[in-house]
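Reading the structure
This is what each chain is made of:
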Amino acid sequence: MRAIYVLCIRQLKRYVRSPARIIGSLGQPLIFLLALGFGIGAIFKRAGAGNYIDFIAPGIVAMAIMFTAVFSGIEIIWDRQFGFLKETLVAPVSRFEIAFGRVLGGALVAMLQGVAAFILCLVIGFRVHNWLLVPVALVFMFLFSLLFTSIGTAIGSVLQDMQGFPLVMNFLVMPLFFFSDALFPLQDLPKFMAGALLLNPVTYGVDGIRGSFSSAFAFHMATDFGVLVVLSAILLAIGSYLFSKIQL
Amino acid sequence: MGDMIVVQDLVKNYGNFCAVNHISFTVPEGKIFGFLGPNGAGKTTTIKMLTTILDPTSGFIRVNGHDPVHERKQVRRSFGIVFQDPSLDDELTALENVDLHGALYGVPRGERMKRAQTLLELVGLWDRRDDLVKQYSGGMKRRLEVARALLHRPRILFLDEPTIGLDPQTRNHIWGYIDTLSKEQNVTVFFTTHYMEEADRVAAECAVIDHGKIVAQDTPAALKQQTDSATLEDAFIALTGHAIREEEGNVMDRMRMMRAAWRGGRR
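Right, let's get into the overall build of chain A. Counting secondary structure elements, chain A contains twelve helices and zero strands. Taken over C-alpha atoms, the radius of gyration comes to 18 Å for chain A, in line with the 18 Å a tight globule of 248 residues would show. For chain A, the C-alpha atoms occupy an extent of roughly 60 × 40 × 35 Å along the three principal directions. Relative to its full complement of 248 residues, chain A shows a buried share of 46%. Summarising the internal contacts of chain A: among those between residues at least 6 apart in sequence, 84% fall at separations of at least 24.

Below is the structure:
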């Protein structure tokens, strides 16, 4: 427990100490928010679908979380031979504790990045329907962070070097983001698209966050919650297992 | 006095390549032991197996009486290590790095602070304790790593090329602390180095490994005498030959290069 706690605190300290990284990581969400929010917003409104900024803001929050979370998991590669990882791997602490500590710390960092993106959205003009549900949104954001930090940890434990990183981004993170309900609603999609969206965990994470902000869930809140909890648990187990198998 | 490290018939294969080929040696408690060999001879692989981060293919190892494969925790509590590559967290301060180490090793908080002060004073970094490690020079990082490795009062200290890339002043300081430690606290020291004059000066005993096999093991004086050499460096070359070793450009080397490039060569 002590190891989990100190490793978690370590990640938070690192995050708070690099404002450049916090602000830099907000660049991409900001571009999406401005370009899509205002660019497509007009058409969205003409189609009678309402305020597009209000629609995509939760998707943008999810995006900020996904990228930060996967990256913090994948940082294991970087830490692996040069950094701090070796120091933890020879300590008299089980690998599972180390993995949990890392994932938990990474998830908290990703969630904070999500909160930063949320604040950015508010500045741009996003309106929350019911502030009482914001704590629920935070729970969804945390679960979503946990899920993607676990995925990053699993990948980071298996990949040998950073050269695989673009592969992960372009063939896993990007498709998961675009084939979800982050940028467009679920209704009236071609069948294969609708199918892809329903199989994509991001859809449920975004719906959970969006539902809490707008008080309108596409699925049931419990469905979103259930999917995220189950998948996070499975991927946390896989991620920790793969982490425990790292040999230097 | 017993043997702190016992290795018998140790083997590590990577596919068809035999990195460590049936080696045996013992390190008596409280001794400073030099493990010498050319690049790619199997030094680091051996240290990894002794320190539980790599499982051997076969053979017998005891570190402080424990088996690194089946009694990892006991073995890990027994040693402190300074790795060949830096293993500090650059974004934390020196004191935070040392304190985190203490927490991972279960040292109680009060004692952790006391030990941290003693050790950081020993390596001359107490005044700089609140600086982020990324502001440290290569030599300061090494000294910090030595201090950190000692925080939990290990019985054995592993040093994998601890003085590589350091100036003579820092090297002298580092060997100074290590010598003091070994004498005053009976800590066993197991080190590798490419600087033969260092090994000659500090090691009570040396083993020379080449192509995964131990080719000699004795006191530096006896090794010199045995090979009829004036210096340990000559003895080393007499034992391992003149050929320059080709090391495969592996993933690690590539990453080392990339890292150096990305970080502007900061160590």
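There's plenty left to go through after this.
Contacts between the two partners involve 27 residues from chain B and, on the opposite side, 23 residues from chain A. Listing elements by their share of the side of chain B that touches chain A, those giving two or more residues are helix 2 (72–78), helix 3 (94–104) and helix 10 (251–262) of chain B. Broken down by element, the residue count for the side of chain B that touches chain A peaks at five residues, all from helix 10 of chain B. Looking at the side of chain B that touches chain A residue by residue, the classes come out as 14 nonpolar, four polar and nine charged.

Moving on, we get to the packing of helix 7 (residues 95–124) of chain A against helix 8 (residues 134–158) of chain A. All names here are of chain A. Where helix 7 meets helix 8, the axes come as close as 8 Å, and the angle between the chain directions of the two elements is 130°. For the element pair helix 7 / helix 8, the angle class is oblique. Crossing angle aside, the handedness with which helix 7 passes helix 8 is right-handed. Across the interface between the two elements, Ala99, Arg102, Val103, Gly106, Ala107, Ala110, Met111 and Gly114 from helix 7 touch Met141, Phe142, Ser145, Leu146, Phe148, Thr149, Ser150 and Thr153 from helix 8. Here the contact of helix 7 with helix 8 is built from residues that sort into nine nonpolar, six polar and one charged.

All right, on to helix 4 (residues 109–122) of chain B then. Its 14 residues place the ends of helix 4 of chain B 20 Å apart at the C-alpha level, agreeing with the 20 Å of an ideal helix rising 1.5 Å per residue. In this fold, the buried residues of helix 4 of chain B make contact with helix 3 and helix 5 (138–150) of chain B.

At a minimum axis separation of 9 Å, helix 1 (residues 2–16) of chain A and helix 3 of chain B run at an interaxial angle of 160°. As the angle between them shows, helix 1 of chain A and helix 3 of chain B are arranged roughly antiparallel. Here the hand of the crossing between helix 1 of chain A and helix 3 of chain B comes out left-handed. For the pair helix 1 of chain A and helix 3 of chain B, the contacting residues are A:Arg2, A:Ala3, A:Val6 and A:Arg10 in the first and B:Leu100, B:Ala103 and B:Leu104 in the second. Of the residues that constitute the contact of helix 1 of chain A with helix 3 of chain B, the class distribution is five nonpolar, no polar and two charged.

Next up on the list: the sheet that holds strand 8 (residues 205–210) of chain B. All names here are of chain B. Strand order across the open sheet formed by six strands is 5-6-7-3-8-9, with mixed pairing between neighbours. The open sheet has two edge strands, strand 5 (79–82) and strand 9 (213–218), and neither has a second partner. When the angles between neighbouring strand axes are averaged without regard to direction, this sheet yields 15°.

The rules behind the values
- Residues numbered from 1 in each chain as written.
- Chains lettered and ligands numbered in written order.
- Predicted model: local features only at pLDDT ≥ 70, side-chain atom pairs only at ≥ 80, totals over all residues.
- Helix = DSSP H or I, 4+ residues; strand = E, 2+ residues; numbered from the N terminus.
- Rg over C-alpha atoms; globule rule 2.2 N^0.38 Å.
- Buried ≥ 20, exposed ≤ 12 C-beta atoms within 10 Å, placed from the backbone.
- Contact = placed C-beta atoms within 7 Å.
- Nonpolar A, V, L, I, M, F, W, Y, C, P; charged D, E, K, R; others polar.
- Axes fitted to C-alpha atoms, helices over the stretch in contact; angles between N-to-C directions.
- Parallel < 35°, antiparallel > 145°, perpendicular 65-115°, else oblique.
- Left-handed = near helix turned anticlockwise from the far one by under 90°.
- Expected span 1.5 Å × (residues − 1).
- Pairing = 2+ DSSP bridges.

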